[in-house]
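# Analysis of the macromolecular model
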Amino acid sequence: MEIKFLDLYKQYCDIKEEIDAAIQSVIKDTAFIRGPYARAFEKEFAAYQNAEYCVGVGNCTDGLEIAIEALHLKQGSEILVPANSFIASAEAVTRAGHKVIFCDCDPDDYTISIESVKDTLNKKTSAIMAVHLYGHPCDMDALSDIAREHSLKIIEDSAQAHGAEYKGKRVGTIGDISVFSFFPGKNLGAYGDAGAIVTDDKILSERCRMIANHGRISKYDHEFEGRNSRLDGLQAAILSVKLRHLDTWLDARRHVASQYNMELEGVGDLILPIEREWARHVYHLYVIRTSKRNELKEYLTEKGIQTGIHYPKALPKLQAYAYCEQADEDMKANQYDMQVLSLPTGDHLSPEDVSYVTNCIRAFYE
Ligand SMILES: *Cc1c(COP(=O)(O)O)cnc(C)c1O
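Anyway, here's the lowdown on the structure attached to this text.

Quick look at helix α10 (residues 293-302) now. Every buried residue of α10 is listed here: R293, L296 and L300. The buried residues of α10 all sit within an arc of 65° when viewed along its axis, so they share a single face. For α10, exposure combined with an orientation more than 90 degrees from the buried face picks out E298, T301 and E302. Looking at the packing, one finds that the buried side of α10 touches β13 (286-289), β14 (340-343) and α12 (351-365). G304 sits one or two positions beyond α10 and adopts a positive phi of about 85°.

Not every one of the 16 residues close to the ligand is listed here, only the nearest: T61, D157, Q160, S181 and K186. Within the contact set of the ligand, an oxygen atom lies 2.9 Å away from a backbone nitrogen or oxygen of C60. Taking K186, its side chain carries an N or O atom lying 3.2 Å from an oxygen atom of the ligand. Contact with the protein chains hides 93% of the accessible area of the ligand, taken as 380 Å² for the molecule alone. Where the shell around the ligand is concerned, the elements lending two or more residues are α4 (60-70) and α5 (88-95). Among the residues forming the shell around the ligand, the class breakdown is eight nonpolar, six polar and two charged.

Let's shift gears to unusual backbone geometry. With an omega of 10°, the peptide bond between H310 and Y311 qualifies as cis. Structurally, the position occupied by Y311 is in the loop between α10 and α11 (333-336). Its identity is not glycine, yet H72 carries a phi of approximately 55°, on the positive side. Checked against the element boundaries, H72 lands in the loop between α4 and β2 (78-82). With a phi close to 45°, K167 is a non-glycine residue in the positive phi region. In this structure K167 comes out as exposed when scored by relative accessible area, which is 51%.

Take the packing of aromatic side chains next. Within this structure, the stated rule accounts for 17 aromatic pairs. Both rings, one in F41 and one in F182, keep their centres 5.4 Å apart while their planes meet at 80°; by these two values the pair is edge-to-face. Of this pair, F41 sits in helix α3 (residues 35-48) while F182 sits in the loop between β8 (177-181) and β9 (195-199), and the two are 141 residues apart along the sequence. The exposure class of F182 is buried, given its relative accessible area of 0%. Three or more aromatic residues joined by ring pairs make a cluster, and in this case those are F41, F45, Y48, F180 and F182.

With that settled, the discussion passes to the sheet that holds strand β1 (residues 53-57). Spatially, β1-β9-β8-β5-β4-β2-β3 is the arrangement adopted by the seven strands of the open sheet, whose pairing is mixed. Each edge of the open sheet carries a strand with a single partner, namely β1 and β3 (99-103). Neighbour to neighbour, the strand axes of the sheet diverge by 25° on average, direction disregarded. Here β1 pairs with β9 via five bridges, running antiparallel. Note that in β9 the partner of C54 across the bridge is V198. Together, β4 (125-131) and β5 (153-157) form the strand contacts of helix α7 (residues 140-150), whose direction differs from that of β5 by roughly 150°. Packed onto the sheet, helix α8 (residues 202-212) meets β1, β8 and β9 and runs at close to 15° relative to β1.

Before going further, it helps to examine the packing of α3 against helix α9 (residues 233-264). Interaxial distance between α3 and α9 falls to 7 Å at its minimum, and their mutual angle equals 25°. For the element pair α3 / α9, the angle class is roughly parallel. Two packed elements cross with a definite hand, and for α3 against α9 that hand is left-handed. Counted together, Y37, A38, F41, E44, F45 and Y48 of α3 and G233, A236, A237, L239, S240, L243, L246, D247 and L250 of α9 form the full contact between these two elements.

This model, assessed by the stated rule, comprises 17 salt bridges. Note that R276 is salt-bridged to D106, the shortest N-O span being 2.9 Å. Residue R276 is located in the loop between α9 and β12 (279-280), and its partner D106 is located in the loop between β3 and α6 (114-120); the two are separated by 170 residues in the primary sequence. Here the residues in one salt-bridge network are D62, E65 and R227, joined through shared partners.

Taken in spatial order, the three strands make up an open sheet running β7-β6-β12, and their pairing is antiparallel. Of all the strands in the sheet, the pair left with one neighbour each is β7 (169-170) and β12. Bridge analysis of strand β6 (residues 165-166) against β12 gives two bridges, and the strand direction is antiparallel. Bridged to E165 within β12 is R280.

Turning to the pairing of β8, a few remarks are in order. The element β8 is largely enclosed, with a buried count of five among its five residues. Neither face of β8 is left uncovered, since the one carrying I177, V179 and S181 and the one carrying S178 and F180 both have all their residues buried.

For the rest of this paragraph, the subject is the packing of α10 against α12. The N-to-C vectors of α10 and α12 enclose an angle of 130°; their axes lie 10 Å apart at closest approach. Judged by the angle between their axes, α10 and α12 are oblique. α10 and α12 meet at a crossing whose hand is right-handed. Packed against α10, whose contacting residues are E295, L296, Y299 and L300, the element α12 presents C360, I361, A363, F364 and Y365 at the interface.

About the cut-offs
- Residues numbered from 1 in each chain as written.
- Predicted model: local features only at pLDDT ≥ 70, side-chain atom pairs only at ≥ 80, totals over all residues.
- Heavy atoms only, no water.
- Buried < 20%, exposed > 50% of the residue type's maximum accessible area, 1.4 Å probe, protein only.
- Helix = DSSP H or I, 4+ residues; strand = E, 2+ residues; numbered from the N terminus.
- Arc of directions from axis to C-beta.
- Contact = heavy atoms within 4.5 Å.
- Near = heavy atom within 4 Å.
- Polar contact = N/O pair within 3.5 Å; in protein donor to acceptor, adjacent residues only side chain to side chain.
- Areas by Shrake-Rupley, 256 points an atom, 1.4 Å probe, with all protein chains shown as cover.
- Nonpolar A, V, L, I, M, F, W, Y, C, P; charged D, E, K, R; others polar.
- Phe/Tyr/Trp six-rings, centres within 6.5 Å; stacked < 30°, edge-to-face > 60°.
- Pairing = 2+ DSSP bridges.
- Axes fitted to C-alpha atoms, helices over the stretch in contact; angles between N-to-C directions.
- Parallel < 35°, antiparallel > 145°, perpendicular 65-115°, else oblique.
- Left-handed = near helix turned anticlockwise from the far one by under 90°.
- Salt bridge = Lys/Arg side-chain N within 4 Å of Asp/Glu carboxyl O.

These results come straight from atomic positions and should not be treated as a statement about function.
In C-alpha cells form, the structure reads like this:
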C-alpha cells in the first residue's frame, strides 16, 4: 500500500471543474496582478478569519517581513522567535532589521513557551513572533498579557493555522498583525507562491499594502521605497475556489487526528499531539515524538508510508544562526528535532489508510 504524505493532484481532481473555470476567467480578463480576483479573495479571506483587513502578498515570508516593517519597531531591537519553526519566522526578523532571539517551546503543544518568553525578554525586546505551529494556536491571552505589560507587539505567523481558533476566536487578529501562507502544501494552498497579511488595524494594513506595492499611492506616485510582493490573479482565483472547501478539508484533518489519537494511544514510547481545551487545532501537521524516530521513519518508508520531519534541525542549530550562539542552550526545542515525526494527514486519506499507518506503527513496536 502507498500512503502519500500529501496528495494535491487528487485534491485538484475533486474540484477540477471549479478550478479550471476560475483559471480560464482570470486569463480571459487578463487580471494577472492584483486586480478584481485578488480583491475578491482578500475580502473572502478577511471574512473567513474574522479580520477587518487582508492584504494579499507574494508569499508568507515576504508578508512577515512587510508586517514587521509596517510595525515601525525600534531599529535593531530584538524579536523573540520560537526555536522550533521554519526558518521564515526568523529570517523575516533579520531582513526587517531586527535581532532574532530564540525562545524554547512548550513541551506539550509545541508553541512558544510562555515561561521562556518571560525569562528571555529584556529592555531591547520589541516584539514576539507567535507561530501557531503545526496548526495549534499559541496561548494568546498569556502572550497578550506579557505584551501589554512590556509594550511589545505580537506578530502571528499563521502559515500553518488557517481556521485555527483560540478560545473560539480565529487566529489572525488576536495579535497586532498576522501572516498566512498559501504555499501549495499548506492547509489552504495555491498553485504557486502566495500569502496574506491580516489585521484589524487600518493604518497597519494600508502601510503593508504600500510596502508590498512599491510604496505606491497611485500608478506612478510613490511615497517611499517599497518592494514588489503582490498576490497574483491566478493564485487568488484558485484560492477563492479552495477557500469554499477549506472547512471540509479541516474537518477531514481533525478526523484523521482523532483516529490516530485513538489507535496510537499507549503504543510504544509514542507521545501524541495534544489539543488544549481552549484550542481548535487544524492539524496542518500531525506530529508524534519517539526516541526511535529514525528507525520508525525508515520502517514506515519500507511499508510505503511517506512521513516528514518538522523540523530536522532546531533553528539555533542551523548554520544561518550560528552567530546567535544558542545551539547548545538547554532548550527542549534543541532535543525534539531528533524525536519528531509527522504522519500523513489530509483529505486524501480514508479511515482504512489511517488504520494501515497505525497498524504498521504498532507492528514496529512489537
Ligand atoms: C510555510 C511557512 C512559512 C513560509 O511561508 P511561504 O509562503 O512559503 O513564504 C512561514 N512560517 C511557517 C511556520 C511556515 O510553515
